[in-house]
Amino acid sequence: MVKKISGDDFQEVLESKKAVVDFSAGWCGPCKMLAPVIDAISSDLDGQVDFFNIDVDEAPELAAQYSVMSIPAVILFKDGEAVSVAVGFRPQPELETWIRDTLL
């Protein structure tokens, strides 16, 4: 399950052992296409990886802090550190392989 968080909740990401953070916005077409893909992957990896979604319009300071210039942007965190970034829509098999190879 993907947890929608705001900038105030970002500490949860930093405290997670393994986290996937989807930076998106409600008006973004590719973000809307990616959301069900992320949801499906979060079900597949339930209990292994934590999944979060942040709306860049509601948390512009976080987007700036992690250099998110284009959305959707998915950032993988391991032990509170950003370790890998993917920008743009990716099909589920490609995205899931990237997450597994990087975090598991």
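Preceding this section is the structure that the text describes.
The structure presented is a predicted model; accordingly, all values stated were derived computationally and were not measured. In every chain, residue numbers begin from 1 and rise along the written sequence. In keeping with the predicted nature of the model, local features appear solely for residues at pLDDT of at least 70, side-chain atom pairs appear and are counted solely at 80 or more, and the whole-chain, interface and lining totals rest on all residues. As a rule here, side-chain values come from all non-hydrogen atoms in the structure, and water together with hydrogens is ignored.

> Explain the overall build of the chain here, please?
Within the chain, the secondary structure is distributed over 4 helices and 5 strands. Runs of H or I in DSSP of at least four residues are treated as helices and runs of E of at least two as strands, each being numbered from the N terminus. Secondary structure of the chain in N-to-C order comes out as β-α-β-α-β-α-β-β-α. Throughout, radius of gyration means the C-alpha value; the globule benchmark is 2.2 Å times the number of residues raised to the power 0.38. For the chain, whose C-alpha radius of gyration is 12 Å, the value lies close to the compact-globule estimate of 13 Å for 104 residues. C-alpha extents for the chain along the principal axes are approximately 30 × 30 × 20 Å.

> Quick question: what am I supposed to make of unusual backbone geometry here?
Phi is mostly negative for residues that are not glycine, and the peptide bonds are mostly trans. Cis rather than trans, the peptide bond between I71 and P72 has omega equal to 0°. Its place among the elements puts P72 in the loop between α3 (60-65) and β4 (73-78). Residue S67 is not a glycine yet carries a positive backbone phi of 55°. With respect to the helices and strands, S67 occurs in the loop between α3 and β4. Relative accessibility thresholds used throughout: buried, under 20% of the residue-type maximum; exposed, over 50%; partly exposed, between the two (1.4 Å probe, protein chains only). Looking at S67, the relative accessible area reads 55%, which means it is exposed.

> Looking at this model, I keep getting lost on the pairing of β4. Mind explaining?
Here is the key point about a regular strand: its side chains alternate between the two faces of the sheet. By the criterion of burial, β4 is predominantly enclosed, with 5 of the 6 residues buried. Think of it this way: DSSP has to see at least two bridges between two strands before they count as a pair. In this sheet, β4 lies alongside strand β2 (residues 18-24) in antiparallel orientation, the contact comprising 6 bridges. Its bridge partner lying in β4, F23 is registered against A73. Where β4 and strand β5 (residues 81-87) come together, 6 bridges link them in antiparallel fashion. Bridging from a neighbouring strand, L76 pairs with S84 of β5.

> How should I be thinking about the side chain of S84 in this particular structure?
Within the secondary structure, S84 is located in strand β5. Taking the relative accessible area as the measure of exposure, S84 reaches 18% and is therefore buried. Under the rule applied, a polar contact is a pair of N or O atoms within 3.5 Å (in protein, one hydrogen donor and one hydrogen acceptor; residues adjacent in sequence only if both atoms are side-chain atoms). In terms of polar contacts, S84 uses its side chain to reach the side chain of W98, at 3.0 Å. Residue contacts are defined here by distance: any two heavy atoms, one from each residue, within 4.5 Å place the two residues in contact. Once residues within four sequence positions are removed from consideration, S84 is found in contact with V74, I75, L76, W98 and T102.

> Just to check I follow, could you spell out the pattern of salt bridges for this structure?
If charged atoms from side chains of opposite charge come close, those side chains can pair. For salt bridges, the criterion is a side-chain nitrogen of Lys or Arg within 4 Å of an Asp or Glu carboxyl oxygen. Applying the stated criterion to the full structure yields 4 salt bridges. In this structure, E12 and K3 form a salt bridge, with 2.8 Å as the shortest nitrogen-oxygen distance. Overall, the relative accessible area of 37% leaves K3 in the partly exposed class. A salt bridge links E94 to R90; the nearest nitrogen and oxygen atoms lie 3.8 Å apart. Judged by its relative accessible area of 41%, E94 falls in the partly exposed class. Taking relative accessible area as the criterion, R90 reaches 26% and is therefore assigned partly exposed.

All quantities given are derived from atomic positions and should not be read as evidence of function.
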